[in-house]
Amino acid sequence: LRKFSSQGLRTLVLGSRPLSDDDWETFRIAFETAQKAMDNREQQLAAAADLVECDLKLVGITAIEDKLQENVEDTIEVLREAGIKLWVLT
């Protein structure tokens, strides 16, 4: 992971663990409650995720090079100069 990230590669770490029925139910309730929360939603969602995102067994690591294609920067600049708003999603 350090080797990939130090080379500037985008990395994704995959992990898994079995969940008991009780673990699942606890997570499900916490997650559904967090989704409906009017206050501190992000914190509640993170706390729900923490319930299951622990004690994971490493399954694998992927790494991809994430470079822009040729002339993308120039194309984006031309679009901006034309008043076109552009979102780049990765």
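Each remark here, short or long, concerns the structure printed above.
This section reports on the structure supplied with the text. Throughout, a residue's number is its position along its own chain's written sequence, starting from 1. Owing to the predicted nature of the model, reporting of local features is limited to residues with pLDDT of at least 70; listing and counting of side-chain atom pairs is limited to 80 or more, with chain, interface and lining totals taken over all residues. Hydrogens and water are ignored here; the side-chain numbers use all heavy atoms of the structure.

**With respect to the packing of aromatic side chains**
Filter applied, for reference: We call Phe, Tyr and Trp rings a pair once their centres come within 6.5 Å, taking the six-membered ring for Trp, and we label the pair stacked below 30 degrees between planes, edge-to-face above 60, and tilted otherwise. The secondary structure listing takes helices from DSSP runs of H or I that are at least 4 residues long and strands from runs of E that are at least 2 residues long, numbered from the N terminus. Here the term buried applies to any residue with accessible area under 20% of the maximum for its type, exposed to any over 50%, and partly exposed to those in between, with areas from a 1.4 Å probe on protein chains only.
For the coordinates displayed, the defined rule picks out two aromatic pairs. Centre to centre, the rings of Trp 24 and Phe 27 are 5.7 Å apart; their planes meet at 45°, and the pair counts as tilted. Residue Trp 24 and its partner Phe 27 are located together in helix α2 (residues 21-36), separated by three residues, close to a single helical turn. When its relative accessible area of 15% is taken as the criterion, Phe 27 is described as buried. Centroid distance Phe 27 to Phe 31: 5.5 Å. Interplanar angle 25°. Geometry classified as stacked. Within this pair, Phe 27 and its partner Phe 31 are both found in helix α2, separated by four residues, close to a single helical turn. A relative accessible area of 30% places Phe 31 in the partly exposed class.

**Regarding a nonpolar patch on the surface**
The condition is simple: Only residues above 30% relative accessible area that lack a salt bridge enter a patch, with like-charged residues linked at up to 9 Å and the nonpolar side chains Val, Leu, Ile, Met, Phe, Trp and Tyr linked at up to 5 Å. Surface exposure here means Shrake-Rupley accessible area, sampled with a 1.4 Å probe, where a residue is shielded only by the protein chains that are shown. Whenever a carboxyl oxygen of Asp or Glu lies within 4 Å of a side-chain nitrogen of Lys or Arg, that contact is scored as a salt bridge.
Together, Leu 1, Phe 4, Val 13, Leu 58 and Ile 61 make up a nonpolar patch on the protein surface, roughly 420 Å² of accessible area in all. By the element assignment, Phe 4 lies in helix α1 (residues 2-6). By relative accessible area, Phe 4 is classed as partly exposed at 31%.

**What about the packing of α2 against helix α3 (residues 41-52)?**
Test applied: For every element, the axis is a line fit to its C-alpha atoms; helices are fit only across the contacting stretch, and the angle between N-to-C directions ranges from 0 to 180 degrees. In these notes the angle categories are as follows: under 35 degrees is roughly parallel, over 145 is roughly antiparallel, 65 to 115 is roughly perpendicular, and the rest is oblique. It is the rotation of the near helix from the far one that decides the hand of a crossing: anticlockwise by less than a right angle makes it left-handed, clockwise makes it right-handed. Contacts are assigned to residue pairs that have any heavy atoms within 4.5 Å of one another. Under the convention adopted here, Pro, Cys and the residues Ala, Val, Leu, Ile, Met, Phe, Trp and Tyr are nonpolar, Asp, Glu, Lys and Arg are charged, and Gly plus all remaining residues are polar.
One way to put it is that α2 packs onto α3 with a least axis distance of 8 Å and a crossing angle of 170°. Relative to α3, the element α2 is oriented roughly antiparallel. Between α2 and α3 lies a crossing of left-handed hand. Taking contact as the criterion, the partners of Thr 26, Phe 27, Ala 30, Phe 31, Thr 33, Ala 34, Gln 35 and Lys 36 in α2 are, on α3, Arg 41, Gln 44, Leu 45, Ala 48, Ala 49, Leu 51 and Val 52. Classifying every residue of the contact of α2 with α3 by side-chain character gives nine nonpolar, four polar and two charged.

**Overview of the pattern of salt bridges**
Throughout the structure, instances matching the rule amount to three salt bridges. The salt bridge involving Arg 17 is made with Asp 23; its shortest N-O contact spans 4.0 Å. Judged by its relative accessible area of 34%, Asp 23 is partly exposed. A salt bridge links Arg 28 to Glu 32, with the nearest nitrogen and oxygen atoms 2.8 Å apart. Of this pair, Arg 28 and Glu 32 are both found in helix α2, four residues apart, which corresponds to roughly one turn of the helix. What makes Glu 32 partly exposed here is its relative accessible area of 31%. Where salt bridges share partners, they join Glu 25, Arg 28 and Glu 32 into one cluster.

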